[in-house]
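Here's the letter readout for the chains.
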Amino acid sequence: MRLGLVIDLDVCVGCHACAIACKEWNASGTTAPLTDYQPYGAEPSGVWFNRIRSYEVGEYPNNKTINFPMSCMHCEDADCVTVCPTGASYKRAEDGIVLVDQNKCMGCNYCSWACPYGARELDRESGTMKKCTLCVDRIYDLQIPIEERQPACVLTCPAHARMFGDLDDPGSAVSSVVRERGGYQLMPELGYNPTNHYLPVRTAKPIPTENLGKPGFKDKIKGIANRIVKR
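All figures in this text were calculated on a predicted structure; none of them were measured in a lab.

**Observations concerning the pattern of salt bridges**
Here is step 1 of the chain: If you walk through the whole model with that rule in mind, you get eight salt bridges.
Here is step 2 of the chain: A salt bridge links Arg92 to Glu94; the nearest nitrogen and oxygen atoms lie 3.5 Å apart.
Here is step 3 of the chain: Two residues, Lys130 and Asp123, come together in a salt bridge whose shortest N-O distance is 2.9 Å. Of the two residues examined, Lys130 and Asp123, each falls in the buried class.
Here is step 4 of the chain: Several salt bridges converge on common partners, so that one network encompasses Arg92, Glu94 and Asp95.

Printed below as a string of structure tokens:
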């Protein structure tokens, strides 16, 4: 079994609900607390397991904003585990989840330097490294309904851009959607074989650029946008 996430980049709107839900749940989870630094100051910061990067692709009027959520990829061949001198960073054999034993971690930063995805964050107050746990304390909790035994980020996504399941099972929903949509790993050339996959952005019908200078064209585009918003 290899548990992980599949994220649909065509659907993600960059609302950060996943990051907030992750922070809320894990603030009392297995690696709690997730320290905040000057939360009400001029430059608030803190420990976050899930961060959303946004960037533009294409040229106007055929440009698009891509919202790219990033967290631990739970790699099959995880260098963050290999370099750890204390054995604090480890990969579970039963489900492939990569975790950090807070009692063994000495905050040396080796794992953070080894991770090409920037998924690990040093908690300056506890002096230990912290990262996404796939809400391991939630997904195996028999006290909650089975449909809620998913990572907090998956449950809270309003656009249903996040999916969770066993990517070793070819019949699972996550494996099926990866096959059907051409899902891909992030930086596979590094050889870490990350478990998490991304679904690509669908190609939209291009807007003819020769119409840009015509009278009323901008008003037409605004009208289309307003109709989309009202839906």
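Resuming the write-up.
**Here's the deal with helix α6 (residues 173-181)**
Here is step 1 of the chain: Listed in full, the buried residues belonging to α6 are Val174, Ser175, Ser176, Val177, Val178 and Arg181.
Here is step 2 of the chain: Looking at the buried side of α6, the elements it contacts are β1 (3-8), β10 (162-166) and β11 (197-199).
Here is step 3 of the chain: In the segment just after α6, Gly182 is the residue with positive phi, at about 70°.

**Focus: the packing of aromatic side chains**
Here is step 1 of the chain: Under the definition given, this model contains three aromatic pairs.
Here is step 2 of the chain: Ring geometry for Phe68 against Tyr198: centres 4.4 Å apart, planes inclined by 35°, an arrangement best described as tilted. Of this pair, Phe68 sits in strand β5 (residues 64-70) while Tyr198 sits in strand β11, and the two are 130 residues apart along the sequence.
Here is step 3 of the chain: Classification of Tyr198 by relative accessible area gives buried; the value is 1%.
Here is step 4 of the chain: Where Tyr184 meets Tyr198, the ring centres are 6.2 Å apart and the plane angle is 35°; that geometry is what we call tilted. In this pair, Tyr184 sits in the loop between α6 and β11 while Tyr198 sits in strand β11, placing the two residues 14 residues apart along the sequence.

Here is what the cut-offs are and how they apply
- Residues numbered from 1 in each chain as written.
- Predicted model: local features only at pLDDT ≥ 70, side-chain atom pairs only at ≥ 80, totals over all residues.
- Heavy atoms only, no water.
- Salt bridge = Lys/Arg side-chain N within 4 Å of Asp/Glu carboxyl O.
- Buried < 20%, exposed > 50% of the residue type's maximum accessible area, 1.4 Å probe, protein only.
- Helix = DSSP H or I, 4+ residues; strand = E, 2+ residues; numbered from the N terminus.
- Contact = heavy atoms within 4.5 Å.
- Phe/Tyr/Trp six-rings, centres within 6.5 Å; stacked < 30°, edge-to-face > 60°.

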